[in-house]
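Structural description and commentary
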Amino acid sequence: MNNMEIEKKYLVKAIPDNLENFECHRIAQGYVSTEPVVRIRQWDDEYILTIKSSGLLSHIEIEKPLTEDEFKAMTEMVKGNTIAKKRYIIPLISYGYPELELELDIFEGALDGLIIAEVEFSDTEKAESFVAPDFLGTEVTNDPRYYNSYLSTIDQNDIDSSIAE
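Counting restarts for each chain: residues are numbered from 1 in the order of the written sequence. Residue-level local features of this predicted model are given only where pLDDT is at least 70; pairs of side-chain atoms are given and counted only at 80 or more, and the full residue set underlies all totals for whole chains, interfaces and linings. To get the side-chain values, take all heavy atoms of the structure and skip hydrogens and water.

1. Some words on the pairing of strand β3 (residues 37–43)
The rule is simple: take the accessible area with a 1.4 Å probe, protein chains only, and divide by the maximum for that residue type; under 20% is buried, over 50% is exposed, in between is partly exposed. Secondary structure elements follow DSSP: runs of H or I no shorter than four residues count as helices, runs of E no shorter than two count as strands, and numbering proceeds from the N terminus. Within β3, 6 of the 7 residues are buried, which leaves the element mostly enclosed by the surrounding structure. Note on pairing: DSSP must find at least two bridges between two strands before they are called paired. Note that strand β2 (residues 23–34) and β3 share 7 bridges and pair antiparallel. Across the sheet, residue S33 finds its bridge partner in β3, namely V38. The antiparallel hairpin formed by β2 and β3 contains 2 residues in its connecting segment. Alignment of β3 against strand β4 (residues 46–52), held across 7 bridges, turns out to be antiparallel. Bridge assignment links V37 to a residue of β4, and that residue is K52. Hairpin connection from β3 to β4: 2 residues lie between these consecutive antiparallel strands, with D44 at a positive phi of about 55°.

Structural data, given as structure tokens:
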């Protein structure tokens, strides 16, 4: 798949109630390269190779499926930490955005305690007019420290001093 991705990222002030009622996925991902971004990801029982162009609000993203064996072989090439997280998919219909979903990432392992949310948009106009729900905190779209490729290079001790809100 080759598409333009337009998304905004936020820190999270409060986790929404009834989180267990939302769709949840287990994700593990590592970075073979950060310039350009070459990522391998396990999404539940699927394995994906992703290549991303540079860019913060928008960038080109190409995804190709991997077999489990290819994924395992490529984990030997990962630089830094493998990121582990639970991703909850939260529809934003009750916040006035029936077409949008929020992806809430609760990090585990080396980044335990970090929570980041992102919303993907069909165009930049919709992204720029988006008003975030109250449970979201500071927007960090333009701060590269909150991109997974950077997060793969740090651990829990670095979160407090480097990227805490």
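Still more ground to cover, so stick around.
2. Here's the deal with the side chain of H25
You can see H25 is positioned in strand β2. Using a relative accessible area of 11% as the deciding quantity, one classes H25 as buried. A distance of 2.5 Å separates polar atoms of two side chains, one belonging to H25 and the other to E23. We call two N or O atoms a polar contact when they sit within 3.5 Å, provided that within protein one can donate a hydrogen and the other can accept it, with sequence-adjacent residues counted only if both atoms are side-chain atoms. A distance of 3.3 Å separates polar atoms of two side chains, one belonging to H25 and the other to W43. Note on contacts: a residue pair qualifies if any of its non-hydrogen atoms lie within 4.5 Å across the two residues. Residues in contact with H25, not counting those within four places in the same chain, are W43, D44, K85, K86, R87 and I89.

3. Digging into the layout of surface pockets
The definitions used throughout rest on a 1 Å grid laid over the protein atoms alone, on which a cavity is an enclosed set of points accommodating a 1.4 Å probe that cannot get out and a pocket is an open set flanked by protein within 12 Å on both sides along at least five of seven lines; lining residues are those having an atom within 4 Å of a point. Grid points are joined across faces, edges and corners, and a volume is the space filled by probe spheres set on the points. Size it by volume and the largest pocket reaches roughly 810 Å³. Lining of the largest pocket is provided by 34 residues; of these, E5, E7, K52, H59 and E61 occupy positions nearest its centre. Of all elements in the fold, only β1 (2–12), β2, β3, β5 (58–66), β6 (79–91), β7 (101–108), β8 (115–121) and α3 (148–151) reach the threshold of two or more residues within the lining of the largest pocket. In this classification, the charged set is Asp, Glu, Lys and Arg, the nonpolar set is Ala, Val, Leu, Ile, Met, Phe, Trp, Tyr, Cys and Pro, and all remaining amino acids, among them Gly, are polar. In the lining of the largest pocket, the residues fall into 11 nonpolar, 8 polar and 15 charged.

4. Comments concerning the packing of aromatic side chains
Geometry of an aromatic ring pair is reported as the spacing of the ring centres plus the angle between the planes. When the centres of two rings from Phe, Tyr and Trp lie within 6.5 Å, Trp using its six-membered ring, the rings pair. Their planes under 30 degrees apart give stacked, over 60 give edge-to-face, and anything left gives tilted. On inspection of all chains with the given rule, the structure shows 5 aromatic pairs. Of the aromatic side chains, those joined through ring pairs into one cluster are Y10, Y97, F121 and F130. In this arrangement the basic side chain of K9 is found over the ring face of Y147, its NZ or CZ atom lying 4.7 Å from the centre. For a lysine, the NZ atom is tested; for an arginine, the CZ atom; a charge sits over a ring if that atom is within 6 Å of the ring centre and within 35 degrees of the ring normal.

5. Thoughts on the nonpolar core
To qualify as a nonpolar core, a set must consist of buried Ala, Val, Leu, Ile, Met, Phe, Trp, Tyr and Cys residues joined through side-chain atoms within 4.5 Å. Grouped together as the largest cluster of nonpolar side chains are 18 residues, with contacts concentrated most on L102, L104 and F130. Elements represented by at least two residues in this core include exactly β1, β6, β7 and β8. Leaving out residues up to four positions away in the same chain, L104 has contacts with V12, I15, P16, L19, K86, R87, Y88, I90, I115, I116 and A117. The next biggest cluster of nonpolar side chains, apart from the first, holds 12 residues, and it includes F107, I116, Y146 and L151.

6. Concerning the environment of Y95
By the secondary structure assignment, Y95 is in the loop between β6 and β7. The exposure class of Y95 is partly exposed, given its relative accessible area of 38%. Taking C-alpha positions, Y95 is 6.6 Å from P133, a pair spaced 38 residues apart along the chain. Contact partners of Y95, with chain neighbours within four places excluded, come to P133 and F135.

7. Quick look at the confidence of the model for the chain
Per-residue confidence for the chain averages 89 on the pLDDT scale, and 92% of its residues sit at or above 70. In the model, residues 161–165 has pLDDT below 50 throughout and makes 14 contacts with residues more than four positions away in sequence or in other chains. Every residue carries a pLDDT, the predictor's confidence in it, which falls somewhere between 0 and 100.

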